[in-house]
Amino acid sequence: MPWTPDQPIISLKNVHKSFGQTEVLRGISMDVMKGEVVCIIGPSGSGKSTLIRCINALNDIQGGSITVEGQELRDPKLDLLALRKKVGMVFQQYNLFPHKTALENVMMAPIKVLKQNRAEVEIRARALMKKVRLEGKEDAYPGELSGGQQQRVAIARSLAMNPDVMLFDEVTAALDPETVKEVLVTIKDLAAEGMTCILVTHEMGFAREIADRVYFTDRGVIVEYGPPQSFFDDAKDPRTKQFLSQIL
Amino acid sequence: MNPGRIKGHLPVLLPARKLMLSDIPLHDRLFNVWTAGALLIAFLVTAIGPSFAQAEAAPARSILTILFEWTPSIAKAFGFNVLISIMAMAIGTVLGVGLGVLQVSPRSMIRRLAWIVTQFFRNSPWLVLLFYCILLIPFKITLFGMSVPFPGWIKAVIGLSLPVMAYMSEYMRGAINSIPSGQWESAQSLGFTRFQTMRDIILPQTIKRVLPPWMNLYAVLTMATPLVSIVGVNEVMSLTRAALSAESRVDLLIPMYLYILCWFFLYCYPISTLTGRLERRYSVKL
Ligand SMILES: Nc1ncnc2c1ncn2[C@@H]1O[C@H](COP(=O)(O)OP(=O)(O)OP(=O)(O)O)[C@@H](O)[C@H]1O
Ligand SMILES: [Mg+2]
């Protein structure tokens, strides 16, 4: 059955994930529709990163199912490249390639992986640099850029693959408070354009502002979720309440 | 007690100390370009001095004249040493990078095999490896009706490239493992295969780290090239022996070998210096 946009673009059903003996995800279910922005919050070690990494198959799962645009990730015939084209990911530590300039970082995957024409890729890459407000920094090496600038290059690098979904794993956690904003603005632009986004974040104000839904995870399960308004102002579960009272 | 340190005073507050002789590590104090130069001069004086005295007695040429006369031949032979070292280094480097990459293969069979090969050649005496290559490789190999001759010096190159390969393999393994795992993950999330990640992202980043030990290895290899004289290759040591027997002068022995040492020193010392400089530069950056 082919996927149509009225079905969830990402669907997790009863996902279980273990590292050896320790079960990190213990039955996670969630549906994300195209164009939605979903925020995941929760205490450290609750499995947020693991969850998000399962969605682009950086981690495999031991139980349940994950589909991206209808494609089951546990299918042994899964086309990994096709999946990674659809799902972009940005990491807390930027992970730019330090031996390449900012522009080359953005151009690398389309040229090396998708074998696209270099000249066309360069035009798109320059446009992306502009989009993340880094015009003029094309020839800088990652080491010469601030954390916020590096993180925006990392976003542009992911966007160069033309993904349908973007995953953000605490992308502002390693940044100075002043530079957090410039990255959040970039993500907000993306969300406004209709990009499907799944964000792990500790920026509650930001989550409240852009999320369609907020999920609270603890010890590998989703404790509670809902639209930001009711989630933040009217949490039901005591664990959620306690977490929110600590962080807000 | 150190008189410069007063209780309660942080060393930060003390005036900057001048660099003292005692600050330089013993190794650097004993072995540097000045002591090497002084030793050379001392050797030359003791070796050549008496020969001047003899030169007055007998109508023989002076040692310096003889050395000077032999210089073109020595230069040519030394050039052969350099050629052997460069070729062995090139082959060993290519093989070593490949072997190093296999040492971090996700397949444990391949990883273990590459590790065994690396350890075997890294812990074998170079001379024994040379003998083995001379003995095992035939004089010529016939491939598809074409016979390729294998002169002794090519076998020697192969023999010397084996330990280079093994050392290089270890350097590469260390360098690859030192690249943060985030590089692998971000490449993976961008759709790079393992091979593409290795080629386009990981290996280019190992160059900086591997360059200093690689250059050091080259200097060591160059100094090991006289070994090939033992297996009958006409390099600088063989030539020296030939020269000595042609001149048949006992007093030539020490100055001649000293002269050869100078050649090696002048070739290898700049490499070592540059290596040290690169090491210091990169150790700050990385
Ligand atoms: N590769 C791994 N091998 C073994 N255990 C792991 C691995 N990755 C994560 N874990 C464990 O899984 C649990 C969840 O980790 P995860 O990184 O998903 O948490 P998190 O919610 O992202 O926390 P944080 O807010 O600190 O990033 C932790 O207990 C962690 O120790
Ligand atoms: Mg995390």
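Now for a quick tour of the structure.

The rules behind the values
- Residues numbered from 1 in each chain as written.
- Chains lettered and ligands numbered in written order.
- Predicted model: local features only at pLDDT ≥ 70, side-chain atom pairs only at ≥ 80, totals over all residues.
- Heavy atoms only, no water.
- Helix = DSSP H or I, 4+ residues; strand = E, 2+ residues; numbered from the N terminus.
- Rg over C-alpha atoms; globule rule 2.2 N^0.38 Å.
- Buried < 20%, exposed > 50% of the residue type's maximum accessible area, 1.4 Å probe, protein only.
- Areas by Shrake-Rupley, 256 points an atom, 1.4 Å probe, with all protein chains shown as cover.
- Lys, Arg positive; Asp, Glu negative; His and termini not counted.
- Charge placed at Lys NZ, Arg CZ, Asp CG, Glu CD.
- Axes fitted to C-alpha atoms, helices over the stretch in contact; angles between N-to-C directions.
- Left-handed = near helix turned anticlockwise from the far one by under 90°.
- Contact = heavy atoms within 4.5 Å.
- Parallel < 35°, antiparallel > 145°, perpendicular 65-115°, else oblique.
- Nonpolar A, V, L, I, M, F, W, Y, C, P; charged D, E, K, R; others polar.
- Pairing = 2+ DSSP bridges.
- Salt bridge = Lys/Arg side-chain N within 4 Å of Asp/Glu carboxyl O.
- Near = heavy atom within 4 Å.
- Polar contact = N/O pair within 3.5 Å; in protein donor to acceptor, adjacent residues only side chain to side chain.
- Core = buried A, V, L, I, M, F, W, Y, C linked by side-chain atoms within 4.5 Å.
- Patch = residues over 30% accessible without salt bridge, like charges linked within 9 Å, V, L, I, M, F, W, Y side chains within 5 Å.
- Phe/Tyr/Trp six-rings, centres within 6.5 Å; stacked < 30°, edge-to-face > 60°.
- Lys NZ or Arg CZ within 6 Å of the ring centre and 35° of its normal.
- Right-handed = clockwise from strand over helix to strand, strands pointing away.

1. What about the overall build of chain A?
No. 1: For chain A, the helix and strand inventory stands at 9 helices and 10 strands.
No. 2: In summary, chain A has a C-alpha radius of gyration of 18 Å against a globular reference of 18 Å for 248 residues, a match within 12%.
No. 3: Projected onto the principal axes, the alpha-carbon positions of chain A cover approximately 55 × 45 × 35 Å.
No. 4: Counting every position in chain A, which comprises 248 residues, the buried fraction comes to 54%.
No. 5: Counting every atom, chain A has about 11000 Å² of accessible surface; 49% of that belongs to carbon and sulfur.
No. 6: When the 31 positive and 32 negative side-chain charges of chain A are each reduced to one mean point, those points stand 3 Å apart.

2. Brief notes about the packing of helix 3 (residues 63-103) of chain B against helix 8 (residues 194-224) of chain B
All names here are of chain B.
No. 1: In contact at an axis separation of 11 Å, helix 3 and helix 8 are set at 145° when each is read in the N-to-C sense. Remark: the crossing between helix 3 and helix 8 carries right-handed chirality. Touching Val 82, Ser 85, Ile 86, Ala 88, Met 89, Thr 93 and Val 101 of helix 3 are Met 198, Leu 203, Trp 214, Leu 217, Tyr 218, Leu 221 and Thr 222, all from helix 8.

3. What about the packing of helix 5 (residues 147-159) of chain A against helix 6 (residues 177-192) of chain A?
Residues and elements named next belong to chain A.
No. 1: Between helix 5 and helix 6, the least distance of the axes is 8 Å, while the angle of their chain directions is 20°. Looking at the two axes, helix 5 sits roughly parallel to helix 6. As helix 5 runs across helix 6, the sense of the crossing is right-handed. In this structure, helix 5 contributes Gly 148, Gln 149, Gln 151, Arg 152, Ile 155 and Leu 159 to the contact, and helix 6 contributes Thr 179, Glu 182, Val 183, Thr 186, Ile 187 and Leu 190.
No. 2: Looking at the contact of helix 5 with helix 6 residue by residue, the classes come out as 5 nonpolar, 5 polar and 2 charged.

4. Digging into the sheet that holds strand 1 (residues 10-19) of chain A
All names here are of chain A.
No. 1: Within the open sheet, the 4 strands sit side by side as 2-1-4-5. Their pairing is antiparallel. The strands lining the two open edges of the sheet, one partner per strand, are strand 2 (22-32) and strand 5 (71-72).
No. 2: Pairing analysis gives 8 bridges linking strand 1 to strand 2, with the strands arranged antiparallel. Note on strand 2: the bridge partner recorded for Lys 17 is Leu 25.

5. Digging into the sheet that holds strand 10 (residues 221-226) of chain A
Strand pairs in the sheet, formed through backbone hydrogen bonds, run parallel or antiparallel to each other.
All names here are of chain A.
No. 1: An order of 6-7-8-3-9-10 is seen for the 6 strands of this open sheet, with the pairing classed as mixed. Both edges of this open sheet fall to strand 6 (87-90) and strand 10, since each of them pairs with a single strand only. Within the sheet, the average angular offset between the axes of one strand and its neighbour, ignoring direction, is 20°.
No. 2: The sheet contact formed by strand 7 (residues 165-169) and strand 8 (residues 196-200) spans 5 bridges and is parallel. If you follow Leu 167 over to strand 8, its bridge partner there is Ile 198.

6. Notes on the pattern of salt bridges
Pairs can form between side chains of opposite charge once their charged atoms are near each other.
No. 1: On inspection of all chains with the given rule, the structure shows 17 salt bridges over all chains.
No. 2: A salt bridge links B:Asp200 to A:Lys112; the shortest N-O distance between them is 3.7 Å. Highlighted residues: B:Asp200 in helix 8 and A:Lys112 in helix 3 (residues 102-112), drawn from two different chains.
No. 3: Owing to a relative accessible area of 30%, A:Lys112 belongs among the partly exposed residues under this scheme.
No. 4: For A:Arg133, the salt bridge is made with A:Asp189, and the minimal N-O distance between the two is 2.5 Å.

7. Section: the site of ligand 1
All names here are of chain A.
No. 1: Surrounding ligand 1, one finds Phe 19, Val 24, Pro 43, Ser 44, Gly 45, Ser 46, Gly 47, Lys 48, Ser 49, Thr 50 and Glu 170.
No. 2: The backbone of Ser 46 places a nitrogen or oxygen atom 3.2 Å from an oxygen atom of ligand 1.
No. 3: Note that an oxygen atom of ligand 1 is positioned 2.8 Å from one of the side-chain N or O atoms of Lys 48.
No. 4: Taken by itself ligand 1 offers 630 Å² of open surface, and the protein chains cover 55% of this.
No. 5: The element best represented in the shell around ligand 1 is helix 1 (residues 48-55), accounting for 3 residues.

8. Here we look at the nonpolar core
No. 1: If you look at the biggest cluster of nonpolar residues, it comprises 52 residues, and the most contacted ones within it are A:Ile41, A:Val106, A:Val153, A:Ile155, A:Phe168, A:Ile187 and A:Leu199.
No. 2: Looking at this core element by element, the count peaks at 6 residues for helix 6 of chain A.
No. 3: Residues within four places of A:Val153 in sequence aside, it is in contact with A:Leu96, A:Ala102, A:Asn105, A:Val106, A:Met129, A:Leu134 and A:Leu145.
No. 4: Counting 38 residues, the second largest nonpolar core, distinct from the first, contains B:Trp70, B:Ile84, B:Met256 and B:Leu278.

9. Structural notes on a nonpolar patch on the surface
Residues and elements named next belong to chain B.
No. 1: The grouping of Val 128, Phe 131, Tyr 132, Leu 135, Leu 136 and Ile 230 at the surface amounts to a nonpolar patch, some 650 Å² of accessible area in total.
No. 2: Topologically, Leu 135 is positioned in helix 5 (residues 126-136).
No. 3: When its relative accessible area of 69% is taken as the criterion, Leu 135 is described as exposed.

10. Notes on the interface of chain B and chain A
Think of interface size as the accessible area that goes away when the parts come together; that is how it is often given.
No. 1: In this complex, chain B contributes 15 residues to the contact, which on the side of chain A involves 21 residues.
No. 2: At the junction of chain B with chain A, the criterion picks out 2 salt bridges.
No. 3: At the level of secondary structure, the elements contributing two or more residues to the side of chain B that touches chain A comprise helix 7 (181-189) and helix 8 of chain B.
No. 4: Top contributing element to the side of chain B that touches chain A by residue count: helix 7 of chain B, with 7 residues.
No. 5: Here the side of chain B that touches chain A is composed, by residue class, of 5 nonpolar, 8 polar and 2 charged.

11. Some details on the packing of aromatic side chains
No. 1: For the structure shown, the criterion picks out 12 aromatic pairs over all chains.
No. 2: Taken together, a centroid distance of 5.1 Å and an interplanar angle of 20° make the contact between B:Phe265 and B:Tyr269 stacked. Here the residue B:Phe265 and the residue B:Tyr269 both occupy positions in helix 10 (residues 253-285), the gap between them amounting to 4 residues, near one helical turn.
No. 3: A relative accessible area of 33% means that B:Tyr269 is categorised as partly exposed.
No. 4: Each residue in the set B:Phe78, B:Tyr218, B:Tyr259, B:Trp263, B:Phe264 and B:Tyr267 is aromatic and connected to the rest through ring pairs, giving one cluster.
No. 5: A:Arg157 extends its terminal NZ or CZ atom over the ring of A:Phe97, reaching a point 4.5 Å from the ring centre.

12. Considering the pairing of strand 7 of chain A
Within a regular strand, side chains alternate between the sheet's two faces.
Residues and elements named next belong to chain A.
No. 1: Among the 5 residues in strand 7, 5 count as buried, and that is most of the element.
No. 2: In terms of strand pairing, strand 6 meets strand 7 through 4 bridges, oriented parallel. Bridged to Val 90 within strand 7 is Phe 168.
No. 3: For the crossover from strand 7 across helix 6 to strand 8, the handedness is right-handed.

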